Amino acid sequence: MKQHSEFKLFEEITVPEYSSPSKRVEKIYAMTMKKMQLPSSRRFGGSKLLLIAAIAAAGLLAAAGYFTASDAFRSYLKEKGAAGETAALSSMSPNIIIIAYFYSANIVNIIPVLAIAIASFRI
Amino acid sequence: MDDKAIILLLKRRADKGIYEAIRKYEGVLTAVAYRILGDPQDVEECVSDAFVGVWKHIDTLDAETGSLKGYLICTVRNMAINRCKQRGRNHADPLQEEIAELASEEDMENQIFVYADTQVILGIIQQMGKPDREIILRKYFLFQQIKEIADNLGLKPNQVKYKLQCTRARLKDALIQKGVILS
């Protein structure tokens, strides 16, 4: 490709800092696509698509962790001889199960819960 | 991604081409438009219009020899001037006054920068030597004052004025030869 050195001088002019470059790119892309009457498909491309995939994966892991936690809590209650309370576990609120989850020290399974929290915050 | 790949994507009507062009050139186009318009909202509208323009007229750009950057800069510049003209002449900023003057109906010599075919202008500028080429670009694309140009190029203001006068005359002759403007 031919070099167009005459336009190099444009590189010396600075872009005004009224918004961040990434935000401007997203905004101008959305505006351009709207004017061209094309769907802004790349709006959810790249990192955002990865984020959505991460949320979905974290959701699945969290669901698995949730059931693991309730099993762990049941085992704990059994060990402590509180067998009568096991039956009542099914009627407990999810918050109680999550407390039990922490209580059973199943720290590894908390990662998906944290991933969801962080992802939700970023969205 | 290089310009050739972006141009080919645009020719295939792939919206990825527009995205890549925006990612690569949004900064420089915003800078050029901001110098002319000064208002962030107008600038964003103008820059997006320039990308719509390149999408619509991509067939006129050769992937092998065409400068996407040059094409976009010329387009955004012309669009910004037209937008400025539409605003009227109520500019408190002397730079904006000068831009409005450049786009006025009476000033035929300057009209060439607003209405002449972008590709033709680019071709003529490419053939110019230094510092004439840079003076033209600084004056009519970056809207720098004579003193600013002189400082940047290490010349005296009078030298810049003289060179500008000669270059404009040469440019006018070239445009007459190419049939862009009438003698």
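On a predicted model such as this, the values are computed, not experimentally measured, just so you know.

Caption draft 1: A look at the overall build of chain B. Scanning chain B for helices and strands turns up ten helices and zero strands. For chain B, the proportion of its 183 residues judged to be buried stands at 54%. Once local pairs closer than 6 in sequence are excluded, the contacts in chain B between residues at least 24 apart make up 62%. Here chain B has roughly 8,300 Å² of accessible surface; of this, 48% comes from carbon and sulfur atoms.

Caption draft 2: Fine view of the nonpolar core. Counting residues in hydrophobic clusters, the biggest one holds 57 residues, and the most contacted among them are I18, L29, F51 and V54 of chain B. At eleven residues, helix α2 (residues 15-37) of chain B tops the list of elements feeding residues into this core.

Caption draft 3: Representation of unusual backbone geometry within the structure. All names here are of chain B. If you check the backbone angles, R13 has positive phi at about 60 degrees while not being a glycine. Position of R13 among the secondary structure elements: in the loop between α1 (3-11) and α2. Residue classification places R13 among the partly exposed residues on the basis of a relative accessible area of 42%.

Caption draft 4: Spatial organisation of the environment of I6 of chain B. All names here are of chain B. Turning to its location among the elements, I6 is positioned in helix α1. Assessed through its relative accessible area of 0%, I6 is described here as buried. The spacing of I6 and Y19 is 13 residues in sequence and 9.2 Å in space, taken between C-alpha atoms. If we ignore the near neighbours within four places in the chain, the residues touching I6 are M1, G17, E20, A21, K24 and L68.

Rules used in this analysis
Residues numbered from 1 in each chain as written. Chains lettered and ligands numbered in written order. Predicted model: local features only at pLDDT ≥ 70, side-chain atom pairs only at ≥ 80, totals over all residues. Heavy atoms only, no water. Helix = DSSP H or I, 4+ residues; strand = E, 2+ residues; numbered from the N terminus. Buried < 20%, exposed > 50% of the residue type's maximum accessible area, 1.4 Å probe, protein only. Contact = heavy atoms within 4.5 Å. Areas by Shrake-Rupley, 256 points an atom, 1.4 Å probe, with all protein chains shown as cover. Core = buried A, V, L, I, M, F, W, Y, C linked by side-chain atoms within 4.5 Å.

It is worth stressing that arrangement in space is one thing and function is another; only the former is reported here.
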